[in-house]
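# Chain and residue survey
Okay, here's what each chain looks like letter by letter:
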Amino acid sequence: MSKTVSESIEIQAPPKAVYDAVTNVADMGRWSPECTGAAVESPAVRVGMRFTGHNNSAKGRPWNTNCTVTAADEAREFTFDVERIGLSIATWSYTFEPVAGGQATKVTETWTDSRGRVMHFIGPLVSGIHDRATHNRQTMKVTLQRLKEALESPDRTTA
């Protein structure tokens, strides 16, 4: 199993608009096929911010995760660590690279598996997903495409 998976897409929107959409974690369910949203302790995006991620697998198995923001560099990077029952699960990171003179953004979503032996056993039982790297690559492609479509829509209401 791969330990890190990344996917990128170019979005015709400035980095700040893309960053603002991604860091609104309560709204992530609009794009992600697995994350249905999040409960946020404080709306201010900053290092140390905590939120509870809500997820649901295609098989209808819901679960929550505890997340802590570790990087919040506006329009450049957003990273958070994920854990459950005190055990590390993953790190998710988004980088935002200006293209076309800052009128567009190359956004890269990266997942790094940090599960230990116990979570490698428990994870598939909870989520129903046995090949997490392949699954995440597929859902990342969907998430980024939906984000692109939303931010490039003429009647955009996401940023």
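To be clear, the structure that these remarks concern was listed above.
Residues numbered from 1 in each chain as written. Predicted model: local features only at pLDDT ≥ 70, side-chain atom pairs only at ≥ 80, totals over all residues. Heavy atoms only, no water.

### Looking at the sheet that holds strand E6 (residues 87-99)
In any sheet, the strands associate via hydrogen bonds between backbone groups, in a parallel or an antiparallel arrangement. On the basis of which strands lie adjacent, the open sheet formed by 7 strands has the order E1-E7-E6-E5-E4-E3-E2 and antiparallel pairing. Of all the strands in the sheet, just strand E1 (4-11) and strand E2 (35-40) have a single pairing partner and so form its edges. With direction set aside, neighbouring strand axes in the sheet form an average angle of 25 degrees. Note that E2 and strand E3 (residues 50-56) share 5 bridges and pair antiparallel. When the bridges of E3 are listed, Gly 37 appears paired with His 54. Of the strands in this sheet, E1, strand E4 (62-73), E6 and strand E7 (104-113) touch helix H3 (residues 132-152), which is tilted by about 15 degrees from E1. (Pairing = 2+ DSSP bridges. Helix = DSSP H or I, 4+ residues; strand = E, 2+ residues; numbered from the N terminus. Axes fitted to C-alpha atoms, helices over the stretch in contact; angles between N-to-C directions. Contact = heavy atoms within 4.5 Å.)

### Focus on the pairing of strand E5 (residues 77-84)
Sheet topology note: the E4/E5 ladder contains 7 bridges and is antiparallel. When the bridges of E5 are listed, Cys 67 appears paired with Val 82. As judged from the 8 bridges shared by E5 and E6, these two strands associate in the antiparallel manner. Across the sheet, residue Thr 79 finds its bridge partner in E6, namely Ser 93.

### Comments concerning the pattern of salt bridges
For the coordinates displayed, the defined rule picks out 7 salt bridges. Between Arg 137 and Glu 7 there is a salt bridge; the shortest N-O distance is 2.6 Å. On the criterion of sequence distance, the pair formed by Arg 137 in helix H3 and Glu 7 in strand E1 is long-range, its members being 130 residues apart. Residue classification places Arg 137 among the partly exposed residues on the basis of a relative accessible area of 32%. Glu 7 sits in the buried class, given a relative accessible area of 15%. Across the pair Arg 132 and Glu 34 runs a salt bridge whose closest N-O atoms are separated by 2.8 Å. A residue pair is termed long-range when its members are at least 10 positions apart, and Arg 132 in helix H3 and Glu 34 in the loop between helix H1 (15-23) and E2 qualify at 98 residues. One exposure class covers both Arg 132 and Glu 34, and it is buried. (Salt bridge = Lys/Arg side-chain N within 4 Å of Asp/Glu carboxyl O. Buried < 20%, exposed > 50% of the residue type's maximum accessible area, 1.4 Å probe, protein only.)

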